[in-house]
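Secondary and tertiary structure notes
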Amino acid sequence: MKAHPALLWLLLFAAPLLRAADPQEPQTMPLLYDQPGEKYILRIDNRRYQLPYTTKDTVVGLMATINYPRVRQCFDEYKRALEDKAKAEKQIAAAQANANRDTTRVDRLRRSIDSLRAQMTFLRNGTTIDLREINFLQDQIRNQTAQLSGAEDQEARSMSILDKTQGSAESVMKRADKAREEYARALSDHEKPFANLRALAMSLGQAL
């Protein structure tokens, strides 16, 4: 039996996430500061702008559409999903390593038995037959054949564990993919009012 190509499997299920392994954290809410006179202060992108009070209703309306709690919730879920994905990848890698090790042992034993059988054939076809050498080779073949049977059983168990690990990880990968998509949508909705606020602050406000 051949070990599954875990790397290929991970690429198939996790490729969309590789582009977003470190998600962008949502921006914090803009802040408003009232002050005496006809202007107030808007703090956005760690900068302050002084704006006329006639724009405040528009600014407050845009801030209400930011919906920071939702985008933060989506961000936190995405981070948790990525952490679970990393754990699942480690479990797959460990299971794959065990399967590879057991498959390597099976292949080595098969090659050794083939070599012993070839030596046996050579001795039997020779002009003189060394019974002691033939008996020795027969004992070696029986011994390694028994080892091969046990190694094949262990390989089958390792492959079964690998299959189960991959099956369990599939739901984790799908959850992370879904969380990425939901956060991307939430972040896009979150950025639109921010962009409008920036434009308003830069066009009608005075940077401080």
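Look above for the structure.
Rules used in this analysis
- Residues numbered from 1 in each chain as written.
- Predicted model: local features only at pLDDT ≥ 70, side-chain atom pairs only at ≥ 80, totals over all residues.
- Heavy atoms only, no water.
- Core = buried A, V, L, I, M, F, W, Y, C linked by side-chain atoms within 4.5 Å.
- Buried < 20%, exposed > 50% of the residue type's maximum accessible area, 1.4 Å probe, protein only.
- Helix = DSSP H or I, 4+ residues; strand = E, 2+ residues; numbered from the N terminus.
- Contact = heavy atoms within 4.5 Å.
- Phe/Tyr/Trp six-rings, centres within 6.5 Å; stacked < 30°, edge-to-face > 60°.
- Axes fitted to C-alpha atoms, helices over the stretch in contact; angles between N-to-C directions.
- Parallel < 35°, antiparallel > 145°, perpendicular 65-115°, else oblique.
- Left-handed = near helix turned anticlockwise from the far one by under 90°.
- Nonpolar A, V, L, I, M, F, W, Y, C, P; charged D, E, K, R; others polar.
- Pairing = 2+ DSSP bridges.
- Salt bridge = Lys/Arg side-chain N within 4 Å of Asp/Glu carboxyl O.

Most often, soluble globular proteins have nonpolar side chains that are buried together. The biggest cluster of nonpolar side chains holds 25 residues, and the ones touching the most others in it are Leu42, Ile44, Leu51, Val59, Val71, Tyr183 and Leu197. Broken down by secondary-structure element, the contributors of at least two residues to this core are strand 2 (39-44), strand 3 (47-52), helix 2 (56-64), helix 3 (68-124) and helix 4 (131-204). It is helix 4 that contributes the most residues to this core, nine residues altogether. Here Leu51 is in contact with Glu38, Lys39, Tyr40, Leu42, Val59, Leu200, Ala201, Leu204 and Gly205, once residues within four sequence places are set aside. Membership of the second largest hydrophobic core comes to six residues, among which are Leu116, Met120, Leu123 and Leu137.

In this structure the tally under the stated criterion is three aromatic pairs. When the ring of Tyr40 is compared with that of Tyr53, the centres are 5.3 Å apart and the planes differ by 45°; the resulting orientation is tilted. Highlighted residues: Tyr40 in strand 2 and Tyr53 in the loop between strand 3 and helix 2, separated in sequence by 13 residues. Exposure remark for Tyr40: the relative accessible area of 0% places this residue in the buried category. The class for Tyr53 is partly exposed, based on a relative accessible area of 28%. Geometrically, the ring pair formed by Phe75 and Tyr183 is tilted, given 5.5 Å between the ring centres and 55° between the ring planes. Taken together, the residues Phe75 in helix 3 and Tyr183 in helix 4 connect sequence positions 108 residues apart. As far as the burial class goes, Phe75 and Tyr183 line up, both buried.

Time to look at the packing of helix 2 against helix 4. Where helix 2 meets helix 4, the axes come as close as 9 Å, and the angle between the chain directions of the two elements is 160°. In terms of orientation, helix 2 lies roughly antiparallel with respect to helix 4. Crossing angle aside, the handedness with which helix 2 passes helix 4 is left-handed. Of the residues in helix 4, those touching helix 2 at Thr58, Val59, Leu62 and Met63 are Pro193, Asn196, Leu197 and Leu200. Looking at the contact of helix 2 with helix 4, its residues break down into six nonpolar, two polar and no charged.

Looking now at the pairing of strand 2. Within a regular strand, side chains alternate between the sheet's two faces. Summarising the sheet, strand 1 (residues 31-33) and strand 2 pair through three bridges and their orientation is antiparallel. Considered in strand 2, the bridge of Tyr33 is made with Ile41. The sheet contact formed by strand 2 and strand 3 spans six bridges and is antiparallel. Across the sheet, the residue bridging to Ile44 is Arg47, located in strand 3. Between strand 2 and strand 3, which pair antiparallel and follow one another directly, the connecting turn spans two residues, one of which, Asp45, has a positive phi of 55°.

This part is about the pattern of salt bridges. For the structure on display, the rule yields 15 salt bridges. One network of salt bridges, in which partners are shared, links Glu77, Arg80, Asp84 and Arg175.

Now for the environment of Leu204. Relative to the elements of secondary structure, Leu204 occurs in helix 4. As a C-alpha pair, Leu204 and Thr55 span 149 residues in sequence and 8.6 Å in three-dimensional space.

Relative orientation of the contacting elements helix 3 and helix 4 amounts to 165°, with a least axis distance of 6 Å. Taken together, helix 3 and helix 4 sit at an angle that is classed as roughly antiparallel. When you trace helix 3 past helix 4, the crossing you get is left-handed. Across the contact of helix 3 with helix 4, the residue classes tally to 31 nonpolar, 16 polar and 18 charged.

No statement about biological role is implied by the geometric values presented.
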